[in-house]
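Here are the chains, one letter per residue:
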Amino acid sequence: MSNSKTPSSLPWWHPDQVARRRPALEARARIVAAVRRFFTDQEFLEVETPCLQVSPGLEPHLQAFGTDLVDPYGEKRRLYLHTSPEFAMKKLLVGGLPRIFQIARVFRNNERSTTHHPEFAMLEWYRRGASYLDLMEDVEGLIAATAQAAGCPVPPCTRMTIAEAFQVYAGIDILATVDDPANPSPDPAALKAEARRIGVYVGENDSWDDAFFHISLDRIEPRLGEDGPVILYDWPASMAALSRRKVDDPRVCERFEVYWKGVELANAFGELTDAAEQRRRFEHDMVLKERLYGFRYPIDEEFLAALELGLPECAGIALGIDRLVMVLLGAERLEDVLWAEVATVRAFSH
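Residues numbered from 1 in each chain as written. Predicted model: local features only at pLDDT ≥ 70, side-chain atom pairs only at ≥ 80, totals over all residues. Heavy atoms only, no water.

*Asks:* It is not clear to me how the overall build of the protein chain should be interpreted in this structure. Could you clarify?
*Replies:* When helices and strands are counted, the protein chain shows 9 helices and 12 strands. What you see for the protein chain is a C-alpha radius of gyration of 21 Å, in line with the 20 Å of a compact globule of 350 residues. A principal-axis box enclosing the C-alpha atoms of the protein chain has dimensions of 70 × 60 × 45 Å. Put simply, of all contacts in the protein chain between residues at least 6 apart along the chain, 68% involve residues at least 24 apart. Taken as two groups, the 40 positive and 54 negative side-chain charges of the protein chain have centres that lie 5 Å from each other. (Helix = DSSP H or I, 4+ residues; strand = E, 2+ residues; numbered from the N terminus. Rg over C-alpha atoms; globule rule 2.2 N^0.38 Å. Contact = heavy atoms within 4.5 Å. Lys, Arg positive; Asp, Glu negative; His and termini not counted. Charge placed at Lys NZ, Arg CZ, Asp CG, Glu CD.)

*Asks:* Looking at this structure, I do not really get the side chain of Ser 55. What am I missing?
*Replies:* Topologically, Ser 55 is positioned in the loop between strand 2 (52–53) and strand 3 (65–70). With sequence-adjacent residues up to four places away left out, Ser 55 is seen in contact with Phe 87, Pro 298, Ile 299 and Asp 300.

*Asks:* For this particular structure, what's the right way to read the packing of helix 4 (residues 162–170) against helix 6 (residues 208–220)?
*Replies:* Each pair of packed helices can be described by the angle between their axes along with the distance between the axes. Viewed as axis vectors pointing N to C, helix 4 and helix 6 meet at an angle of 60 degrees, and their least axial separation amounts to 10 Å. Considering their axes alone, helix 4 and helix 6 lie oblique with respect to each other. Remark: the crossing between helix 4 and helix 6 carries left-handed chirality. Contact residues: helix 4 offers Ile 162, Ala 165, Phe 166, Tyr 169 and Ala 170, while helix 6 offers Phe 212, Ile 215, Ser 216, Arg 219 and Ile 220. Among the residues making up the contact of helix 4 with helix 6, the classes are represented as 8 nonpolar, 1 polar and 1 charged. (Axes fitted to C-alpha atoms, helices over the stretch in contact; angles between N-to-C directions. Parallel < 35°, antiparallel > 145°, perpendicular 65-115°, else oblique. Left-handed = near helix turned anticlockwise from the far one by under 90°. Nonpolar A, V, L, I, M, F, W, Y, C, P; charged D, E, K, R; others polar.)

*Asks:* Please clarify how the pairing of strand 4 (residues 76–81) should be interpreted in this entry.
*Replies:* Two faces make up the sheet, and in a regular strand the side chains alternate between them. With 2 bridges joining them, strand 2 and strand 4 adopt antiparallel strand pairing. Paired with Leu 52 across the bridge in strand 4 is Leu 81. Summarising the sheet, strand 3 and strand 4 pair through 6 bridges and their orientation is antiparallel. Bridge pairing in strand 4 places Leu 69 opposite Arg 77. Here strand 3 folds back onto strand 4 in antiparallel fashion, the turn holding 5 residues, of which Gly 74 has a positive phi close to 90 degrees. (Pairing = 2+ DSSP bridges.)

*Asks:* Looking at this model, I keep getting lost on the packing of aromatic side chains. Mind explaining?
*Replies:* The description of an aromatic ring pair uses the distance of the two centres, along with the angle that the planes make with each other. All told, the structure shown has 14 aromatic pairs when counted by the stated rule. Relative to Phe 39, the ring of Phe 38 has its centre 5.1 Å away and its plane inclined at 90 degrees; by these criteria the two rings are edge-to-face. By relative accessible area, Phe 38 is classed as buried at 14%. The interplanar angle of 75 degrees and the centroid separation of 5.1 Å between the aromatic rings of Phe 39 and Phe 44 together place this pair among those described as edge-to-face. One exposure class covers both Phe 39 and Phe 44, and it is buried. Through pairs of rings, three or more aromatic residues link up here, namely Phe 38, Phe 39, Phe 44, Phe 101 and Trp 125. Over the face of the ring belonging to Trp 235 we find Arg 255, whose NZ or CZ atom lies 4.4 Å from the ring centre. The aromatic ring of Trp 260 is capped on one face by Lys 261, whose charged end is 5.5 Å from the ring centroid. (Phe/Tyr/Trp six-rings, centres within 6.5 Å; stacked < 30°, edge-to-face > 60°. Buried < 20%, exposed > 50% of the residue type's maximum accessible area, 1.4 Å probe, protein only. Lys NZ or Arg CZ within 6 Å of the ring centre and 35° of its normal.)

*Asks:* So what exactly am I meant to see when it comes to unusual backbone geometry here?
*Replies:* Negative phi values dominate among residues other than glycine, just as trans dominates among peptide bonds. A positive phi angle, near 65 degrees, is found at Glu 43, a position not held by glycine. Among the secondary structure elements, Glu 43 is positioned in the loop between helix 1 (15–41) and strand 1 (45–46). For Asp 234, which is not a glycine, the phi torsion comes out positive at approximately 60 degrees. Tracing the chain through its elements places Asp 234 in strand 8 (residues 230–236). Among the residues examined, Asp 234 registers a relative accessible area of 11% and is labelled buried.

This is the structure we're talking about:
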């Protein structure tokens, strides 16, 4: 009697599913090995930091998994599974380490799609005394090394500013829509008018950032990386996150993202080292999170103390390993390149 179940209805551990994914999983192992060789050849030190943190990461739209740490006396302390190992790794930079990388398990709640999984593998690396331009060189070398391990050719990376991308793909002068580069929440009126002009939906209560992402998701991201990886750099200053502003153009910050075949692979910063400015941004983002979602996460005071002690000039980047493997192998969804899946609602019966 034949099995009537389709491959997508079978659990990840079923022999048919493992057999179907095995070529991709073996390629994944080669790609991860190539990642480690790439960094050890450049004298980076591989580090490991805890998943449990006081603060999971403070991006306004990310949601974390929380848990209680119970000490031997029954006292509870609220902790979170990190959304990135960034805070801990920067503390190690303050401690004196010059070049570090980590392949970490990270966790993001309320995310699941063909390119999202609630637990995934993130590669982060940091260079002391380096700029975000140095990280662009790293990205180009890493993609070439992993493509060779995967057995596929890769065209060279191209570089494009955010302003160029909005002009080319949407016909919008994005920086002209910012009323004040120092304002973390620019007036959205001008950008929303531009979105409506080109036929992109924006809501009545949408912020400038909301309008930015509506336009990007509709007109820009699907076009990025059709012919090879694209480094999209110099983001508007209001979207600096943990990056610093450019000295020669305060309208933008030292940030770039990497796209390939319409998939976002990486996010990089010339790192902000000013503790007071970082606190201001954290507090602004948590006010926004509470307004949007009704809760906030605690600020990692130890991280700010480390910045005050002295985070050296540095640059850092986070890259999704699962997505990189997916794009290199031409897979249609993340689950096709994962060893195992987080529990799903899918039922399996004999």
